[in-house]
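# Working through the structure, step by step
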Amino acid sequence: MIEIENLNVWFGEGPDRVDAVKNVSISVGEGESFGLVGESGSGKSTILRAAMGLAPTWSGRISIGGIDARSGDRRQFLKTVQMVFQDPYASLHPRYVIGEAIAEPMRINKIPDSEARTDRLLEAIGLTPAHRFRYPHELSGGQRQRVAVARALSLDPKVLLLDEPTSALDVSIQAEILNLLNRLKKELGLTFMIVSHDLAVVSYMCERLAVMAHGEIVEVMDRETLRSGEAKEQYTRDLIAASV
Amino acid sequence: MTGKLVEIDDLRVAFRQEDGSYAEAVRGVGFTLGREKLGIVGESGSGKSLTGRSLMGILPKTARVSARTLRFDGNDVLSAPAETMRKLRGSRIGMILQDPKYSLNPVMRVGRQIVESIRAGDPKIGKTDAEKIAIDMLEAVQIRDPERVFRAYPHEVSGGMGQRVMIAMMLVREPDLLIADEPTSALDVTVQARVLDILDELVTRRNMGLIFISHDLGLVSRFCDRVIVMYAGQVVEEIAAKDLENATHPYTQGLLNCMPRINGSLEPLPVLDRDPAWLAETGGAK
Ligand SMILES: Nc1ncnc2c1ncn2[C@@H]1O[C@H](COP(=O)(O)OP(=O)(O)OP(=O)(O)O)[C@@H](O)[C@H]1O
Ligand SMILES: Nc1ncnc2c1ncn2[C@@H]1O[C@H](COP(=O)(O)OP(=O)(O)OP(=O)(O)O)[C@@H](O)[C@H]1O
Ligand SMILES: [Mg+2]
Ligand SMILES: [Mg+2]
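These lines cover the structure that appears in this document, whether it is placed above or below. All of these numbers come straight from a predicted model, not from anything done at the bench.

Within chain A, the secondary structure is distributed over nine helices and ten strands. Relative to the compact-globule value of 18 Å for 244 residues, chain A shows a C-alpha radius of gyration of 18 Å, a close match. The C-alpha extent of chain A, read off along each of the three principal axes, is 50 × 40 × 35 Å. Of the contacts made within chain A by residues no fewer than 6 positions apart, 63% connect residues no fewer than 24 positions apart. Carbon and sulfur atoms make up 49% of the accessible area of chain A, which amounts to about 9900 Å² in all. Distance between charge centroids for chain A: 5 Å, based on 28 positive and 33 negative side chains.

Turning to helix 2 (residues 82–91) of chain B, a few remarks are in order. All of the buried residues along helix 2 of chain B are M85, L88 and G90 of chain B. Summarising the contacts, the buried residues of helix 2 of chain B are in contact with helix 1 (48–56), strand 5 (69–72), strand 6 (75–76), strand 7 (93–96) and helix 4 (110–121) of chain B.

All right, on to the sheet that holds strand 3 (residues 37–42) of chain B then. Residue and element names in this part refer to chain B. Spatial strand order, 7-8-9-3-10-11: six strands in an open sheet with mixed pairing. In this open sheet, the two strands that pair with only one neighbour each are strand 7 and strand 11 (234–240). Going across the sheet, the axis of each strand differs from the next one's by a mean of 15°, ignoring polarity. Where strand 7 and strand 8 (residues 177–181) come together, four bridges link them in parallel fashion. Looking at strand 8, one finds that M95 is bridged to I179. This element, helix 7 (residues 159–171), spans strand 7 and strand 8 of the sheet and lies at about 175° to strand 7. The sheet contacts of helix 8 (residues 189–205) involve strand 3, strand 8 and strand 9 (209–213), and relative to strand 9 the element is tilted by about 145°.

Our next topic: the side chain of R132 of chain A. Structurally, R132 of chain A is set in the loop between helix 4 (114–124) and helix 5 (141–153). With near-sequence residues (within four places) excluded, R132 of chain A lies in contact with V97, I98, G99, E115, T118, D119 and L122 of chain A.

Residue and element names in this part refer to chain A. Looking at the metal site, the magnesium ion (ligand 3) is ligated by S45 (OG) and Q86 (OE1), spaced 2.0 to 2.2 Å from it. Taken together, the residues S45 in helix 1 (residues 44–51) and Q86 in the loop between strand 6 (81–84) and helix 3 (98–108) connect sequence positions 41 residues apart. Judged by its relative accessible area of 14%, S45 falls in the buried class.

All names here are of chain A. An order of 6-7-8-3-9-10 is seen for the six strands of this open sheet, with the pairing classed as mixed. The sheet terminates laterally at strand 6 and strand 10 (216–222), the two strands that pair on one side only. Each strand axis lies, on average, 15° off the axis of its neighbour in the sheet, ignoring direction. Bridge count for strand 3 (residues 33–38) against strand 8 (residues 191–195) is four bridges, and the pairing is parallel. Residue pairing for strand 8: L36 is matched across the bridge by V195.

Definitions and limits used
Residues numbered from 1 in each chain as written. Chains lettered and ligands numbered in written order. Predicted model: local features only at pLDDT ≥ 70, side-chain atom pairs only at ≥ 80, totals over all residues. Heavy atoms only, no water. Helix = DSSP H or I, 4+ residues; strand = E, 2+ residues; numbered from the N terminus. Rg over C-alpha atoms; globule rule 2.2 N^0.38 Å. Contact = heavy atoms within 4.5 Å. Areas by Shrake-Rupley, 256 points an atom, 1.4 Å probe, with all protein chains shown as cover. Lys, Arg positive; Asp, Glu negative; His and termini not counted. Charge placed at Lys NZ, Arg CZ, Asp CG, Glu CD. Buried < 20%, exposed > 50% of the residue type's maximum accessible area, 1.4 Å probe, protein only. Pairing = 2+ DSSP bridges. Axes fitted to C-alpha atoms, helices over the stretch in contact; angles between N-to-C directions. Donors = N, O, S within 2.8 Å, 3.2 Å for Na, K, Ca; no water.

See the structure below:
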């Protein structure tokens, strides 16, 4: 469902050139959840943004649901895949109340009943229809993050790219959002790519994961390996040891 | 003995609603803080950030705020002249905001923002010295290439790097009070540990008071001295950090159950059954 081959992403030139992603290949099957973990600044968000076709300079091949990120039909591509950004402000227009933010992609794509669906999505993320009239800055941090999740879900995408989707949530709301995502995955066969610094969340959500450092994948493992603590790389073992 | 660094009693923050009535988002919060590490945990939307912002005097203009007491080191935050509060924010009180990249100036290089922060705290420090302090602090918060980040704009750094830039910017001033709102939520455990060491050092060495807002219960119970738990705008429980596991309020107890664990079950996570009775005004339960 997600095919990333030999992806390189870089920014700038000269002394400040950053090779943010180096020769990364990831393949995620339909209905699978794939985790990305690793050091801050190691290139996790950049991979997700590149997969959405949002990296300015890159090489390699990316295709999602069989649609090529470079040459495929953009509209079709965006119906297939949606992203929840690490910084929820980035995906929420400051002058749109959140009801509009959630309903707008549905209206553009002529999905019927956008109002009712917006209310249902708000409820699913633990807010109420009254929140429809709030501006992003009138919400708490975790409420904003949940709205970003609802907006991404509004178009019924087949693939969701989630960048730290619960980092601003207390564990009770986190549990509700994770359960919601897993239920949708089961019911609709969604495919997830999830970035998280919380190994417990990754272990709970993902069948497989990649560990990143300095723009490269240092290790790919399955959930059982993560759980057994028998990772190959020292960096991964340290990460696990510090998390339990 | 001049009393506590922070004294809050019956703090209330309300916003106007569609129908013109006011709804309270913070409902009678009270606590005191000495030179210690106080954790604030609680449900998303329970009023943690608004409480921090009240103390800084940076609530949104639309907020209606009142308190019996809201004092920082003897200064009455609600009645102090705007200029006094501005000076305090520039030097003695620092707040690490929850959305760090949103709070940084998007069109100014990261380094310059830190340098300005240093010189706002102490105008006697020269430009070259301030630049060195800034780069050292970026290095201290585990940024791998501090010189590049110094020259970068906020949108050119990662989420966790932006968070650490914000931390660096507040720490260079060595404030007397630091309100850290989810300061490490984007950091992996190893980097997080180093950042916490720095905060801890400021509390012990510089006698700073720290208000540490976080949803990471394990972290708060290891790192802080005391914890208050908020729910729907109120403090529902106050407890020694190391006793957090034995919390008695059903909300706090329920929270501990909802946490996924590396080796935990893959069944749907337990969720909270929120009892409407938890909403009743308690007048600051302990
Ligand atoms: N627009 C940009 N211009 C220049 N450099 C960039 C840009 N975006 C990202 N980078 C750099 O690319 C590297 C990888 O960033 P990325 O955001 O992918 O990290 P990350 O793994 O998501 O980290 P975190 O866990 O902190 O969010 C960082 O060094 C960052 O400074
Ligand atoms: N400017 C505003 N206008 C109206 N309501 C607001 C405004 N700012 C915050 N609120 C509401 O006040 C309540 C408390 O917000 P606050 O940001 O303090 O929550 P929080 O405890 O920090 O939550 P989180 O953990 O999600 O960051 C929330 O329900 C929020 O929607
Ligand atoms: Mg990131
Ligand atoms: Mg908050």
